[in-house]
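# Structural overview
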Amino acid sequence: MGIFGKIFTWWDGATIGTSLWSSRNGEHVGTDAQGNKYYRQKKKREPAAGEYSARERRWVIYDGANDSSRVPAEWHGWLHGAGDNVPESFLPAAKIWEVDYTPNATGTAQAYRPQGALERGGKRASAVGDYEAWSPGD
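This section reports on the structure supplied with the text. Only a predicted model underlies this, so the values are computations on that prediction, with no experimental measurement involved. (Residues numbered from 1 in each chain as written. Predicted model: local features only at pLDDT ≥ 70, side-chain atom pairs only at ≥ 80, totals over all residues. Heavy atoms only, no water.)

## Section: the packing of aromatic side chains
On inspection of all chains with the given rule, the structure shows three aromatic pairs. For the ring pair Tyr 39 and Trp 59, a centre distance of 5.8 Å and an interplane angle of 10° mean the geometry is stacked. Taken together, the residues Tyr 39 in strand β2 (residues 37-41) and Trp 59 in strand β3 (residues 58-61) connect sequence positions 20 residues apart. When its relative accessible area of 11% is taken as the criterion, Trp 59 is described as buried. Ring geometry for Trp 75 versus Trp 78: centroids 5.5 Å apart, planes at 80°, classification edge-to-face. One end of the pair, Trp 75, and the other, Trp 78, are both in helix α3 (residues 73-79), three residues apart, so they sit about a helical turn from each other. Look at Trp 75 and you get buried, because its relative accessible area is 2%. Each member of the aromatic cluster is reached from another via a ring pair, and the members are Tyr 38, Trp 75 and Trp 78. Cation over ring: Arg 57 sits above Trp 59, and NZ or CZ is 5.5 Å from the ring centre. (Phe/Tyr/Trp six-rings, centres within 6.5 Å; stacked < 30°, edge-to-face > 60°. Helix = DSSP H or I, 4+ residues; strand = E, 2+ residues; numbered from the N terminus. Buried < 20%, exposed > 50% of the residue type's maximum accessible area, 1.4 Å probe, protein only. Lys NZ or Arg CZ within 6 Å of the ring centre and 35° of its normal.)

Pasting the structure below:
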């Protein structure tokens, strides 16, 4: 991506402004297997009027397209304040039956389209005995 892409686009990685802000105001706490980097605010903020306590600000800088489905479950919980510990410090070893991440294909050419979908010609397999049309006189 060129310099103009880094300045003006937000949907394919962090802009220059976000990267600079994160490096100045954020503390890098970890990176997941896909290369996404996770940050938390360096300075603790004071609670606003009426707040019991102030939550720590946490965010992610995606390595590639900004797609929230790329955040693993343990990091998702950390981002939303479910725990104070960074997930990498207490994760169990990966199981042999676990599969690697696949991106959400909705809206792309790789999306699942069942037989009978308009994108596949719109022809439904003929039903034999499983469907009987209703008529008002029945």
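## Focus: the pairing of β2
Within a regular beta strand, the side chains point alternately toward one face of the sheet and then the other, so they alternate between its two faces. As paired elements, strand β1 (residues 26-31) and β2 share five bridges and run antiparallel to each other. Its bridge partner being in β2, Thr 31 is matched across the sheet by Lys 37. The hairpin turn running from β1 into β2, its antiparallel successor, is five residues long, and Gly 35 in that turn takes a positive phi close to 95°. Across four bridges, the pairing between β2 and β3 is antiparallel. From the neighbouring strand, Tyr 38 faces β3, where its bridge partner is Val 60. (Pairing = 2+ DSSP bridges.)

## Brief notes about the environment of Ala 125
Among the secondary structure elements, Ala 125 is positioned in the segment after α3. Judged by relative accessible area, which is 44%, Ala 125 ranks as partly exposed. Along the sequence, Ala 125 and Gln 115 sit ten residues apart, while their C-alpha atoms lie 7.6 Å from each other.

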